[in-house]
Amino acid sequence: MSRLIAALVAALLAVPCLAQDTPDLPSFLRLLEEAHPRLRASESRIEASQERIAPMQALPDPTMRLSYTNEGVQEITFGDSMDANLTLTYEQEVPYRGKRRLSGEVAAGEVDVARSELELDRRSLREQVILAYLDVLRADRTRQIVEASREVLSTLLASARARYEAGEGVLEDLLKTQTEITRIELEVADLAQERADAASRLNTAVGRAPETPIPILSALPEFAVPDARETMAAASSSPAVERMRRMEAVSAARLESARLASKPDWMWGVSWAERGSLDPMVMGMVGARLPLWRKKKQLQEAAAAESDLAAARAAREAENLSVSGELAQMLARAERAGRRLRILEQALIPQARSTLEAGSASYANGRTVFIALLDDALDLLEFERDVERQRADLGGALAGIEARTGLILVDAGRQP
């Protein structure tokens, strides 16, 4: 019996110890930066937007025409008539002052929007990697805990059966232990499915095939819970709000450009008329593109641009409110999970271990009934499960805060 109690205490009180030298969170984050196609797509969009700046600021393409004028239709009069000529004309349109600059500002603003979208994609994918990593880690550590508990319950089952067959125990002890072992079998199956789902999400988040094998994880991320006021202050500069701010700047530049569209664009041109044996002629011209229909065209475009700007401002304000609300919820979630984690690790688990040790000693001396010892073991098992749940919940909340503020709150490197 003393060996049984020693095995019980050693197995249930041991801290889960998984394989070392397994992938940690930074290794998956490096994979994300190196290989994810969504980041490559965003980078390509930035390059494409940058290439549009110069064309938007350039002059319109010039026009060149070649024409022939003949006097009469009966015969070719080129070289014989003063009115017969072969004319080459070159024309260049010159937009009103400021139009090209504003077009360039719009294009440059779109580059800024594309950069902010890249940052949003990076933050979103980082959050997905952290969440999936924590889910795989929770499944691995919880399975280690419940499998150790299953071994202990199997030992207890053998003890309960031996006592029952010897007439010293009751059938209830045997049946309850069997029920708990069966429950653990179900939990192991559920954990295997949860891990498979989380591993698929983790592979997808780093840009790998979903079925890529992931070894058992052991590296615990280190968490830094931020100050609430600092976090809420960072809401106004979050990547999502910054994107909306840059879109607002683009809308403002488009409005200014639309208002300037009602100004006339200038044109100039030169012509060379060759007349054969007669002296050539040279001509010059200056013209303007007149916005005669501006009430139906340019002014309507300006009104639409003004509405777009108002919508962009409202969208930025709405995004700011949304991010602030999400941050408040995630801060509360992180504080709750952190508080529960501290209580579990500093109070409940030490107390449960002490209770189990005392109960084991009492059971060995015949002063405690079997059911009480079993309940003590199950209580410790549930507390250890809850530690893994709260750690994953805390990390998930901090990952969400990271994605919305740009702060770095989740890292890895500490081994269990």
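How each quantity is defined
Residues numbered from 1 in each chain as written. Predicted model: local features only at pLDDT ≥ 70, side-chain atom pairs only at ≥ 80, totals over all residues. Heavy atoms only, no water. Pairing = 2+ DSSP bridges. Helix = DSSP H or I, 4+ residues; strand = E, 2+ residues; numbered from the N terminus. Patch = residues over 30% accessible without salt bridge, like charges linked within 9 Å, V, L, I, M, F, W, Y side chains within 5 Å. Areas by Shrake-Rupley, 256 points an atom, 1.4 Å probe, with all protein chains shown as cover. Salt bridge = Lys/Arg side-chain N within 4 Å of Asp/Glu carboxyl O. Phe/Tyr/Trp six-rings, centres within 6.5 Å; stacked < 30°, edge-to-face > 60°. Buried < 20%, exposed > 50% of the residue type's maximum accessible area, 1.4 Å probe, protein only. Polar contact = N/O pair within 3.5 Å; in protein donor to acceptor, adjacent residues only side chain to side chain. Contact = heavy atoms within 4.5 Å. Core = buried A, V, L, I, M, F, W, Y, C linked by side-chain atoms within 4.5 Å. Axes fitted to C-alpha atoms, helices over the stretch in contact; angles between N-to-C directions. Parallel < 35°, antiparallel > 145°, perpendicular 65-115°, else oblique. Nonpolar A, V, L, I, M, F, W, Y, C, P; charged D, E, K, R; others polar.

Remarks on the pairing of strand E5 (residues 278-289)
As paired elements, strand E4 (residues 265-275) and E5 share 10 bridges and run antiparallel to each other. When the sheet's bridge partners are listed, Val270 is paired in E5 with Gly284. From the end of E4 to the start of E5, which pair antiparallel, there are 2 residues, and Gly276 there has a positive phi angle of about 70 degrees.

Section: a nonpolar patch on the surface
There is a patch of nonpolar side chains on the surface, built from Met64, Leu66, Tyr68, Ile76, Phe78, Leu86, Leu88, Trp272 and Val282 and spanning about 930 Å² of accessible area. Ranked by residues supplied to the nonpolar patch, first place goes to strand E1 (residues 63-69) with 3 residues.

Concerning the packing of aromatic side chains
Scanning the entire structure with this criterion turns up 3 aromatic pairs. Ring geometry for Tyr68 and Phe78: centres 6.2 Å apart, planes at 55 degrees, overall tilted. A residue pair is termed long-range when its members are at least 10 positions apart, and Tyr68 in strand E1 and Phe78 in the loop between E1 and strand E2 (85-94) qualify at 10 residues. Note on Phe78: relative accessible area 30%, which makes it partly exposed.

A look at the side chain of Glu91
Residue position: Glu91 is located in strand E2. For Glu91, the side chain forms a polar contact with the side chain of Arg65, separated by 3.1 Å. Leave out the neighbours within four places in its chain, and Glu91 touches Pro62, Thr63, Arg65, Trp268, Gly269 and Met285.

Quick notes on the nonpolar core
Within the largest apolar cluster, 68 residues are counted, with the highest numbers of intra-cluster contacts made by Phe28, Val129, Tyr133 and Leu202. Of all the elements, helix H5 (residues 99-165) adds the most residues to this core, at 18 residues. Here Phe28 is in contact with Pro23, Val129, Tyr133, Leu202, Val206, Arg208, Ile214 and Leu217, once residues within four sequence places are set aside. Ranked by size, the runner-up nonpolar core spans 5 residues in total, among them Leu255, Ala258, Ala305 and Leu309.

What about the pairing of E4?
Summarising the sheet, E2 and E4 pair through 9 bridges and their orientation is antiparallel. Each residue of the ladder has a partner; that of Val94, found in E4, is Trp266.

Description of the side chain of Ser251
Looking at the element boundaries, Ser251 is found in helix H8 (residues 239-260). Using a relative accessible area of 11% as the deciding quantity, one classes Ser251 as buried. In this structure Ser251 touches Asp308, Leu309 and Ala312, once residues within four positions along its chain are discounted.

A look at the packing of helix H2 (residues 25-35) against helix H3 (residues 37-51)
Packed helices, taken two at a time, are described by their axes: the angle between them and the distance between them. Where H2 contacts H3, the two axes come as close as 6 Å, and the packing angle between them is 40 degrees. Classed by the angle they form, the pair H2 and H3 counts as oblique. Touching Leu32, Glu33, Glu34 and Ala35 of H2 are Pro37, Leu39 and Arg40, all from H3. Class assignment for the residues of the contact of H2 with H3 results in 4 nonpolar, no polar and 3 charged.

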